Every structure is written in structure tokens, then in C-alpha cells.
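# Structural overview
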Amino acid sequence: MADRKDSASAIAVPEDEESTPTPIPTPTSTPTSTPTPTPTPSNTLDSPVKQIQIEGLVVLKIIKHYQEEGQGNEVVQGVLLGLVVEDRLEITNCFPFPQHTEDDADFDEVQYQMEMMRSLRHVNIDHLHVGWYQSTYYGSFVSRALLDSQFSYQHAIEESVVLVYDPIKTAQGSLSLKAYRLTPKLMEICKEKDFTPEGLKKASIGFENMFEEVPIVIKNSHLINVLMWEMEQKSAVSDKQELLNLSSSNHLEKSLQLLMDRVDDMSQDIVKYNTFSRNVSKQQQQKHQYLQRRQQENTQRQTRGEPPLPEEDISKMFKPPQPPPRMDTLLIAGQINTYCQHIKEFTSQNLGKMFMAEALQGHNV
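All values derive from a computational prediction rather than experimental measurement. (Residues numbered from 1 in each chain as written. Predicted model: local features only at pLDDT ≥ 70, side-chain atom pairs only at ≥ 80, totals over all residues. Heavy atoms only, no water.)

Bringing the overall build of the chain into the picture now. The helix and strand inventory of the chain stands at 11 helices and 8 strands. Accessible surface, the chain: about 21500 Å² in total, of which carbon and sulfur atoms supply 53%. (Helix = DSSP H or I, 4+ residues; strand = E, 2+ residues; numbered from the N terminus. Areas by Shrake-Rupley, 256 points an atom, 1.4 Å probe, with all protein chains shown as cover.)

Right, here's the structure in full:
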């Protein structure tokens, strides 16, 4: 399968028909790196977004986008549109990024987005950017690409969020759609680009306070609610019984395999950091021994009436070793935590089904 190009090089919102976008470069750490927006004239929030209200049609569009273009671990991405009302972010529309490969050199991503914006504006549909969405494969979304892209979004559009849709978990019987934002502490670290162990320790950044989840409320009109109620009444009972299926070995096995892979990555990072710590300690000992020898030699030269040795720059003689990047380790820890939460939720649901099946079997006997 050919590698995909970046979803989009920029997201631009036209202020008028003659405006032209000024895109911010998109991070290219992975083939599926996400888009980066241009600042829009929309009002920014004085306080963080506390709730997200999303139209049911937007949820269906995201699900349909993955069903049409997503295959296995293929990631699909798109733009969220809407408006901000006090501390509530209302997502009223979205549109996907088309799939294309490196061979599609003639595809103009910025022009495509501008045309979409103008078309939506002509029919009086909300066209202000409020974030972006992407699918995930078994919850594997905590990555440097997502961090860089969401930082670019929040830096340019303060109220923006990222919606993460998990089709695998949704297929198990419950919709998996979560919204995330970067915490203020992580935003400051990303602005300063100080990812050293000292910088992260000073800012008290851990994997548990890198992302903040924003509660989602799905809103439908009264007519759609009535239609859904009628459809539920007409649905076959056999379809509902599929939610009680006890076969879960494949899903659980894959989740545990991904968890073990990330634990191996964490072990490798720990080895690198331990090696760095030993090198720093060894260099400190060498520097201390050198200063002692130099002091003894100056003392001997002083007793002989000779001038002391000239001053030397110790930092040039003993260059400190380069510390390993700690941000990648935090992202791995965050992904491990996400896997553990998914496995916990999945196993708790299965245990409930097993106890229910046991109770039914005992009742029939």
C-alpha cells in the first residue's frame, strides 16, 4: 500500500472571497501527520472549553468516513466546524480530507479546503474551524504527530479540540468518541520547546496531565429523536442479542499485544536513560579527578616558584552528554495508560456478560 501524504498542509478559513490562506507547515513525523490551521478571526475563549455539543449528523459523517475510506489501521482525518457559545463548543458540521498518495502531485490541498469553506459559507452553514478529528486503531492515538498538530491548532485557535473515533471499540456495541485538548502546562512546554528532563520536571509534566478529556453531549432535533425511537421499536430482537456475544478473545488478544509492544518501547527508553545517567556520573568523576590533579600540580609549581598553569575552559574539555528526549517517553507512558483503560473497560463489560450468562443458565436449570 502506498504511503499517504499528509492530510493537509494547512487549514485556511476565508474571511472573504478574495482572501488567501497563509498555511503553517504541517509536522511530518509520521505519514499520517495531521493538519495545522491558520489563525481565524473567530473569538478566543478566556476560559477553557468545558463541554462539547456535537450534532448527531456530524457523528454519522465521521463514522461513514471511516467505513468508506478506512481499512484496518488506516487513519482517516477531517475538519470540524462550528461555533463557540460561552464555555461550550458546538460542533455543527465537518468534512473529510480525501485520500491521496505521493503520486497525486497535482492535488492542491489548500485550494480544496478553500473551496469547501466557500461552498459552506454560500449555503449559510457554520464554516469556522473548531478542531479536527481522526480515527484510531485499538486506541493507538497518543503520538508525537497528534501532540504537534493539536499544539498548532490550540496555539492558532484557542478553543479547538481533537475528536478521536475508535471504530473497533464502537463495533463492540458502544460508540467510542472522545474529545481531547492539551493542558495549559503542556502548552507552555511546547511553546518553549524545552523537552529536557529538567524542563519537564520543573513544569511537573507527567503522562497523566498531558491531555485533558472534554465531556461530549450528542444533540439531535426532536424530529430525529422521534425517528430514532420508532426505528428502535421496529428493530429485530436478534440484532440486540449480538451485544451479549461472549466471544472476545480476538479483541482482547490484540489489545494486549499492542500493550506489550509499547511496554517494550518503554523498556528501551529506560535503558537509554540509565545509560545517560551513568555517562553523566562517569563524566563528573573524571572532571573531579582532573581538577584535583590540576590543583596538586599548581601547588607543586608554587613551591618551586613557578607560575600556575593557565586557566582552561572545563566545559569544552568535558562536554555533557546529550540527554535522551523525555517527551517521547511520556507519550509512550500515556499510550500505555490508554491501553490499560481500554482493557479494563472491555474486561469489565465481558465479566458482566459472563455473570449474566451464569445467572441465566442457573435459572434455566
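Picking up after the structure, the text goes on.
Further remarks concern the packing of helix α3 (residues 144–156) against helix α5 (residues 184–192). At their nearest, the axes of α3 and α5 sit 11 Å apart, and the two run at 95° to each other. The orientation of α3 relative to α5 falls into the category roughly perpendicular. Residue-level inspection shows Leu147, Phe151, Gln154 and His155 of α3 in contact with α5, the latter providing Leu186, Met187, Cys190 and Lys191. A per-class count over the contact of α3 with α5 returns 5 nonpolar, 2 polar and 1 charged. (Axes fitted to C-alpha atoms, helices over the stretch in contact; angles between N-to-C directions. Parallel < 35°, antiparallel > 145°, perpendicular 65-115°, else oblique. Contact = heavy atoms within 4.5 Å. Nonpolar A, V, L, I, M, F, W, Y, C, P; charged D, E, K, R; others polar.)

A separate point is the environment of Gln154. With respect to the helices and strands, the residue Gln154 is situated in helix α3. Here Gln154 falls in the buried class, since its relative accessible area comes to 7%. For Gln154 and Arg181, which are 27 residues apart along the polypeptide, the C-alpha to C-alpha distance reads 8.0 Å. When residues no more than four places from it in sequence are discounted, the contact partners of Gln154 are Ser160, Arg181, Leu182 and Met187. (Buried < 20%, exposed > 50% of the residue type's maximum accessible area, 1.4 Å probe, protein only.)

On to empty space enclosed by the protein. Tallied over the entire structure, the rule returns 2 cavities of 30 Å³ or more. Space inside the largest cavity adds up to approximately 130 Å³. What lines the largest cavity is Tyr138, Asp166, Lys169, Gln172, Ser174, His251, Ser255, His342, Ile343, Glu345, Phe346 and Gln349. The set of elements that each furnish at least two residues to the lining of the largest cavity consists of α9 (249–303) and α11 (326–364). The leading source of residues in the lining of the largest cavity is α11, at 5 residues. The residue inventory of the lining of the largest cavity, partitioned by class, reads 3 nonpolar, 6 polar and 3 charged. (1 Å grid on protein atoms, 1.4 Å probe; cavity = no way out; pocket = protein on both sides within 12 Å on 5 of 7 lines; lining within 4 Å. Points joined across faces, edges and corners; volume = space filled by probe spheres on them.)

To continue, consider the packing of aromatic side chains. The way to describe two aromatic rings as a pair is by their centre distance and the angle between their planes. Under the criterion given, the structure shown has 7 aromatic pairs. Ring centres of Phe95 and Phe97 lie 6.5 Å apart, and the angle between their planes is 70°; on these two criteria the pair is classed as edge-to-face. A relative accessible area of 2% places Phe95 in the buried class. Where Trp132 meets Tyr153, the ring centres are 6.1 Å apart and the plane angle is 25°; that geometry is what we call stacked. One end of the pair, Trp132, is in strand β4 (residues 128–135); the other, Tyr153, is in helix α3, with 21 residues separating them in the sequence. Of the two residues, Trp132 and Tyr153, both sit in the buried class. In this structure, Arg326 is placed above the aromatic ring of Tyr273, and the distance from its NZ or CZ to the ring centre is 4.2 Å. (Phe/Tyr/Trp six-rings, centres within 6.5 Å; stacked < 30°, edge-to-face > 60°. Lys NZ or Arg CZ within 6 Å of the ring centre and 35° of its normal.)

Sheet topology places strand β1 (residues 51–55) next to strand β3 (residues 88–96); 4 bridges connect them, and they run parallel. Residue pairing across strands places Gln53 opposite Glu90, the latter belonging to β3. By the bridge criterion, 8 bridges tie strand β2 (residues 77–85) to β3 in an arrangement that is antiparallel. Bridge pairing in β3 links Gly78 to Pro96. Between β2 and the antiparallel strand that follows it, β3, lie 2 residues; Glu86 among them carries a positive phi value of about 55°. (Pairing = 2+ DSSP bridges.)

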